[in-house]
Amino acid sequence: CKSSHSFLRDFILYNTMAASRISSTALKGLPAATNTALNPYAPVAKWILGTSGLVAGMVHIGGVTRLTKSGLSMTDWKPLGGLPPMTIAEWEAEFDRYRQYPEFQQRKSMSLEEFQYIFYWEWGHRMLGRFVGVCFAAPWAYFAFKKRIPSGYSNRMVALFAMGGTQGLVGWWMVKSGLGEDRRDDRQEIRVSPYRLAAHLGMAFSTFTLLLWTGLGILQVPNDTSIIAGGTSKLLEWSRSLSKSAIMHAKKIRGGAIAVSSLSAITIISGAFVAGNDAGNAYNTFPLMDGQLIPMEDMIDPQLKPAYRNAFENTAMVQWNHRVLGTSTALSALTLTSLGLGLFHPVARGALTPQVNRGLTVLGGVAVGQMSLGIATLLNYVPIGLAALHQLGSLVVLSSGIYVVHSLRYVSPGVLKSVTTNIITKTVSNARHGAPGLASKAIN
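How each quantity is defined
- Residues numbered from 1 in each chain as written.
- Predicted model: local features only at pLDDT ≥ 70, side-chain atom pairs only at ≥ 80, totals over all residues.
- Heavy atoms only, no water.
- Helix = DSSP H or I, 4+ residues; strand = E, 2+ residues; numbered from the N terminus.
- Contact = heavy atoms within 4.5 Å.
- Patch = residues over 30% accessible without salt bridge, like charges linked within 9 Å, V, L, I, M, F, W, Y side chains within 5 Å.
- Areas by Shrake-Rupley, 256 points an atom, 1.4 Å probe, with all protein chains shown as cover.
- Salt bridge = Lys/Arg side-chain N within 4 Å of Asp/Glu carboxyl O.
- Buried < 20%, exposed > 50% of the residue type's maximum accessible area, 1.4 Å probe, protein only.
- pLDDT = per-residue confidence, 0-100.
- Axes fitted to C-alpha atoms, helices over the stretch in contact; angles between N-to-C directions.
- Left-handed = near helix turned anticlockwise from the far one by under 90°.
- Core = buried A, V, L, I, M, F, W, Y, C linked by side-chain atoms within 4.5 Å.

Draft legend 1. Inspection of the overall build of the protein at higher detail. Each helix and strand in the protein was counted, giving 17 helices and zero strands. Look at the contacts in the protein between residues 6 or more apart in sequence, and 78% of them connect residues 24 or more apart.

Written out as structure tokens, the structure reads:
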């Protein structure tokens, strides 16, 4: 009898403690640990996220460099860079070098002052890239020496460094496409290859995405790995506290967030083709294009062979693709936000952490704002300010989507598998110690 009372008391105490932990987690969710006292890796996360901010700035400067038609002003590439011309004689020599390339044949009225303007934009863009490289490499060497890089992240640091170095090579490969002698007879304005521009932008966004994901992950190390009462982490504790219906709903929201983020990424690449073909300066009405929703006659150029090139080089089709993708991204984000915040599904309110709810709210808002900004840019014939802001807006939408996906990692396949394994382990352990009641509780 005394044994039964002892078991009942332990059983009630266990469940009271579990309920207390779940209640506390439900109120706070899984907040980022930015304090070094709580997360010894917080400085590493801040460095990574700071570097992602620098990459975002570099993307913005790169966009302005393209919009000001400055990208072909520097006709050589030095891996370590250098100072710009300092004297009038040096400027004249640099200007003479530029005059030898095809683009100048379309800009014969350009003055030295105008050349200096475009040169500084391109020089600034390149030097900022090198500055970002130093801001990544130097702290990385320090943190690695101090053994402050979290377990499992060392290989990712190597990948990020390699991606940054490759970005410079891809950039020069892109610029060379506008400097070749084969472009001298071009009747249209000489621009870099839209394919290479898309590769350059895609590499920059990929680097930014991996930096952001890595920084968010390191800020969550205490939640994801620290062992709390009960022998599990806060991440697993939250997942284990959810009902089956809540887990199913959260998994659907996570799948939707992955889809919206992927759609946003595809829209960004399609935007590179709009920029590469200067397609934003045509069909400056919305939603119709030359009075039609789908201008089929303009979207297929029989002279482009093979026909798939129309999707990447035909002005009408390139712009139509971007319109459809941008609109789809905004509507998908709005739908996901509505479903996630429980406007149509009450279960959502208990399935999502406060971090997910905030992320969804921001995602829906910025996606609609980005679409509106794109329309305004189009209707105003692509002014530099609006166009640069529109490109920066795409980073905000992508970042919001990534944040939501990361915040929903508690229903990722790997975490749910760990939860199942943890339950089975506890069940076996409790059974061995003669506590069938606790074993039953763990299974249910």
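Draft legend 2. Summary view of unusual backbone geometry. A cis amide bond links phenylalanine 286 with the next residue in sequence, proline 287, at an omega value of 5 degrees. A positive phi angle, close to 55 degrees, is found at aspartate 290, a residue other than glycine. With respect to the secondary-structure elements, aspartate 290 resides in the loop between α9 (244-276) and α10 (296-299).

Draft legend 3. Geometry of a nonpolar patch on the surface. On the surface, Leu288, Leu293, Ile294, Met296 and Ile300 cluster together into a nonpolar patch covering about 460 Å² of accessible area. For methionine 296, the position within the fold is in helix α10. Owing to a relative accessible area of 51%, methionine 296 belongs among the exposed residues under this scheme.

Draft legend 4. A look at the confidence of the model for the protein. Counting all residues, the mean pLDDT for the protein is 89, and 86% of those residues have values of 70 or more. Note that pLDDT drops below 50 for residues 10-23; the model gives that stretch 16 contacts with residues more than four away or on any other chain. Below pLDDT 50 for its whole length, residues 435-444 participates in 17 contacts with residues either more than four positions away or in separate chains.

Draft legend 5. Region of interest: the pattern of salt bridges. Here the structure, examined in full by the defined rule, presents eight salt bridges. Note that lysine 69 and glutamate 189 form a salt bridge whose closest N and O atoms lie 3.3 Å from each other. Taken as a pair, lysine 69 in the loop between α2 (42-67) and α3 (88-99) and glutamate 189 in the loop between α5 (154-176) and α6 (194-219) lie far apart in primary sequence, 120 residues in all. On the accessibility criterion, glutamate 189 (29% relative accessible area) is partly exposed. As a salt-bridge pair, arginine 409 and aspartate 224 come within 3.0 Å of each other at their nearest N and O atoms.

Draft legend 6. Region of the structure containing the packing of α6 against helix α15 (residues 384-407). At a minimum axis distance of 10 Å, the contact between α6 and α15 shows a crossing angle of 35 degrees. Note that α6 runs across α15; the crossing there is right-handed. Contact residues: α6 offers Leu201, Phe205, Phe208, Thr209, Leu212, Trp213, Leu216 and Gly217, while α15 offers Gln391, Ser394, Leu395, Leu398, Ser399, Ile402, Tyr403, Val405 and His406.

Draft legend 7. Focus on the nonpolar core. Membership of the largest hydrophobic core comes to 36 residues, with the highest contact counts inside it found for Val44, Trp47, Val59, Phe136, Ile149, Met157 and Phe205. For this core, the secondary structure elements donating two or more residues are α2, α4 (112-145), α5, α6, α9 and α15. Examining the composition of this core, we find that 10 residues originate from one element, α6, more than from any other. What phenylalanine 136 contacts, discounting residues up to four positions off in sequence, is Trp47, Ile48, Thr51, Met157, Leu160, Phe161 and Leu211. Within the second largest apolar cluster, 28 residues are counted, among which are Leu235, Leu236, Ala351 and Val419.

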